[in-house]
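# Report on the structure
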Amino acid sequence: DLVERWLSPTAMALAAPEVPLPVRRHLLRRATERGALRVASLTTAERGEALATGFLSLVDLLALNEDEAAGLAGAPFPDGAPEPFLLRLSGVVPGVRLVVTAGARGAFAFDGTAWAHAPALPVAVVSTAGAGDALLGGLLAGLAVGLPFAPVGSSPQSLAERPLSSALELGALVAAFKVTSPHTI
């Protein structure tokens, strides 16, 4: 496999929906053998196959939007308090870190023990196409430079008023920049 030369314990293997699920499964297996961080996202239509084939057992970090998360959890993403839904979702994929993008409500991240929230930044939204991908890209860049996965606790200050404290917050910032453009990434 050509991919093996790039996989190591310091690498990240991203298995995104632009590639068929069997190919992503192969990548994640190779990443497992090499000790790389295994990151994936799924479409709602792929949920059944992913569950049936054990795809999620090959994932360290799963990124979903609220519709994809609802499909995986078997319940709608609530308009109100998301905590019961998020606890249900984390029970579906034990041992996996999760990121759920929720549009204007920001993003939620599960580090394996607790959920954290990064609010959406107040920007003029032109197009949300690609915002979840932008958030994931920012989050992965934050992890690559050593930021903690998610913020610890909550801050009374907005992200615009204080330094970034986590990869999730960097992802939220990148997503905020993305939605100000009419273009996808």
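Look up a bit, the structure's there.
Residues numbered from 1 in each chain as written. Predicted model: local features only at pLDDT ≥ 70, side-chain atom pairs only at ≥ 80, totals over all residues. Heavy atoms only, no water.

## Details of the packing of aromatic side chains
- Taken as a whole and judged by the stated rule, the model has three aromatic pairs.
- With a centroid separation of 4.9 Å and 65° between ring planes, the pair formed by Phe77 and Phe85 is classed as edge-to-face.
- Judged by centre distance (5.2 Å) and plane angle (35°), the ring pair of Phe110 and Trp115 falls under tilted.
- Taking relative accessible area as the criterion, Phe110 reaches 9% and is therefore assigned buried.
- Taken together, the ring pairs connect Phe77, Phe85 and Phe108 into an aromatic cluster.
- Taking NZ or CZ as reference, Arg97 lies 4.9 Å from the ring centre of Phe149, over its face. (Phe/Tyr/Trp six-rings, centres within 6.5 Å; stacked < 30°, edge-to-face > 60°. Buried < 20%, exposed > 50% of the residue type's maximum accessible area, 1.4 Å probe, protein only. Lys NZ or Arg CZ within 6 Å of the ring centre and 35° of its normal.)

## A short note on the sheet that holds strand 6 (residues 115-118)
- Strand order in the open sheet made by the six strands is 1-2-3-4-5-6, with mixed pairing throughout. With one partner strand each, in any of the chains shown, strand 1 (12-15) and strand 6 form the two edges of the open sheet. For this sheet the average axis-to-axis angle between neighbouring strands, irrespective of direction, equals 15°.
- The sheet contact formed by strand 1 and strand 2 (residues 37-41) spans four bridges and is parallel. Paired with Met12 across the two strands is Leu37, which belongs to strand 2. (Pairing = 2+ DSSP bridges. Helix = DSSP H or I, 4+ residues; strand = E, 2+ residues; numbered from the N terminus. Axes fitted to C-alpha atoms, helices over the stretch in contact; angles between N-to-C directions.)

## Overview of helix 6 (residues 167-179)
- In a regular helix each residue adds 1.5 Å, so 13 residues correspond to 18 Å; helix 6 covers 19 Å between its end C-alpha atoms and thus fits that length.
- The complete set of buried residues in helix 6 reads Ala167, Leu168, Glu169, Leu170, Gly171, Ala172, Ala175, Ala176, Lys178 and Val179.
- Lining the buried residues of helix 6 we find strand 4 (97-101), strand 5 (107-110), strand 6 and helix 5 (131-144). (Expected span 1.5 Å × (residues − 1). Contact = heavy atoms within 4.5 Å.)

## Remarks on the nonpolar core
- Leu42, Phe55, Leu62, Phe85 and Leu89 are the most contacted members of the largest nonpolar core, which has 33 residues in total.
- Elements that contribute at least two residues to this core include exactly strand 1, helix 1 (21-34), strand 3 (61-65), helix 3 (66-73), helix 4 (83-92), strand 4 and strand 5.
- Of the residues forming this core, the biggest block, four residues, is contributed by helix 1.
- Those residues within four positions of Phe55 in sequence are excluded, and the remaining contacts are Leu21, Arg24, Arg25, Leu28, Ala40, Leu42 and Ala50.
- Ala116, Ala118, Ala167 and Ala172 belong to the second largest nonpolar core, which has 23 residues in total. (Core = buried A, V, L, I, M, F, W, Y, C linked by side-chain atoms within 4.5 Å.)

## Notes on the pattern of salt bridges
- If you walk through the whole model with that rule in mind, you get seven salt bridges.
- In this structure, the salt-bridge partner of Arg24 is Glu46, at a minimum N-O distance of 2.2 Å. One end of the pair, Arg24, is in helix 1; the other, Glu46, is in the loop between strand 2 and helix 2 (47-53), and 22 residues separate them in sequence.
- On the basis of relative accessible area, Glu46 is assigned to the buried category, the value being 14%.
- Across the pair Glu49 and Arg25 runs a salt bridge, and its minimum N-O distance is 3.6 Å. Pair noted here: Glu49 is in helix 2 and Arg25 is in helix 1, with a separation of 24 residues, a long-range link. (Salt bridge = Lys/Arg side-chain N within 4 Å of Asp/Glu carboxyl O.)

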